[in-house]
Amino acid sequence: MSFFRHRHAAAFGLPVLALLMAATGCTSADDDASTVVPSPDAKVTKLCENLDKELPEKVTDLDRNDPEPRSALTAGWGSPAIILRCGVERPAKMNDPNADDAEVNGVGWLVEKQDDGSYVFTTSLRTAYVEVRLPKERADLGAGPLTAFAEPVKKAIPEGIAD
């Protein structure tokens, strides 16, 4: 990427479920993404709810497919999903003056490449932190998905320093 700058089941329920799955050809694994929902304070939660209303239905031609559990603090697109979480904690890496960052359409992002080839982007200089996780299968998209988030972030999350 060249954009860098420095339910409880009853005992009888499981066999019935397995029988139904076998009869219908379904498996317990599905393409629905899951994620941990952040738990910010009320002020940040309100900002994140506003962001959720602004988010696009498509990102780089991927349809919105929100992860489980459903929340106004999380969103997803495609499968494997690009996952957005609003109200996350400040990443420790933001304290590193040598950390990679990028600016995309007026929004600053901390860029963290993960050991598995995926990427985590976190907004900087906003009153709430917004994290976007790009799975390794989508790493070839580079910063492209961030362009879809720039206007919604600018509209819903004011510039400043998060508490």
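Residues numbered from 1 in each chain as written. Predicted model: local features only at pLDDT ≥ 70, side-chain atom pairs only at ≥ 80, totals over all residues. Heavy atoms only, no water.

K.L.:
Outline the state of the cysteines, supporting the account with residue identities and numerical values.
P.N.:
By definition, a disulfide links the sulfur atoms of two cysteine residues through a covalent bond. Counted under the stated rule, the structure contains 1 disulfide. Through a disulfide, Cys48 is tied to Cys86; the S-S separation comes to 2.1 Å. Here Cys48 and Cys86 share a disulfide; its torsion about the S-S bond, -75°, makes the bridge left-handed. Of this pair, Cys48 sits in helix α2 (residues 42–54) while Cys86 sits in strand β4 (residues 82–88), and the two are 38 residues apart along the sequence. Take Cys48: its relative accessible area is 1%, and that puts it in the buried class. (Disulfide = S-S within 2.5 Å. Helix = DSSP H or I, 4+ residues; strand = E, 2+ residues; numbered from the N terminus. Buried < 20%, exposed > 50% of the residue type's maximum accessible area, 1.4 Å probe, protein only.)

K.L.:
Please provide a residue-by-residue account of the pairing of strand β7 (residues 119–124), values included.
P.N.:
With 5 of 6 residues buried, β7 is to be regarded as a mostly interior element. As paired elements, strand β6 (residues 107–113) and β7 share 6 bridges and run antiparallel to each other. Bridged to Leu110 within β7 is Thr122. Linking β6 to β7, which pair antiparallel, is a turn of 5 residues; within it Gly117 sits at a positive phi near 95°. Connecting the antiparallel pair β7 and strand β8 (residues 129–134) is a turn made up of 4 residues, with Leu125 showing a positive phi of about 55°. (Pairing = 2+ DSSP bridges.)

K.L.:
Now, about the nonpolar core: what can you tell me, with residues and values included?
P.N.:
In this structure, Leu51, Leu84, Phe149 and Ile157 are the most contacted members of the largest nonpolar core, which totals 32 residues. Elements represented by at least two residues in this core include exactly α2, β3 (74–77), β4, β5 (101–104), β6, β7, β8 and α3 (144–156). Apart from residues no more than four positions distant in its own chain, Leu51 is found in contact with Leu84, Cys86, Val130, Pro152, Val153, Ala156 and Ile157. (Core = buried A, V, L, I, M, F, W, Y, C linked by side-chain atoms within 4.5 Å. Contact = heavy atoms within 4.5 Å.)

K.L.:
How would you sum up unusual backbone geometry? Please name residues and give values.
P.N.:
Note: most peptide bonds trans; most residues except glycine with negative phi. Residue Glu68 is joined to Pro69 through a cis peptide bond whose omega torsion reads -10°. With respect to the helices, strands and loops of the structure, Pro69 is situated in the loop between β2 (62–63) and β3. For Thr60, which is not glycine, the phi torsion reads 45° and is therefore positive. With respect to the helices and strands, the residue Thr60 is situated in the loop between β1 (58–59) and β2.

K.L.:
Break down the pattern of salt bridges for me, with residues and values.
P.N.:
With the rule as written, the count across this model stands at 9 salt bridges. The salt bridge involving Asp96 is made with Lys93; its shortest N-O contact spans 3.7 Å. For Asp96, a relative accessible area of 29% gives the class partly exposed. The partner of Glu151 in a salt bridge is Lys154, with the nearest N and O atoms 2.9 Å apart. Residue Glu151 and its partner Lys154 are both found in helix α3; the two are separated by 3 residues, about one turn of the helix. Looking at Lys154, the relative accessible area reads 33%, which means it is partly exposed. Shared partners join several salt bridges into a network, and the residues in it are Asp52, Arg64 and Asp66. (Salt bridge = Lys/Arg side-chain N within 4 Å of Asp/Glu carboxyl O.)

K.L.:
Lay out the environment of Val132 with the relevant residues and their values.
P.N.:
One can find Val132 in strand β8. According to the relative accessible area criterion, Val132 is buried, its value standing at 1%. Remark: the alpha-carbon pair of Val132 and Val120, spanning 12 residues in sequence, is separated by 5.7 Å. Residues in contact with Val132, not counting those within four places in the same chain, are Ile82, Ile83, Leu84, Trp109, Tyr119, Val120, Phe121, Leu146 and Phe149.

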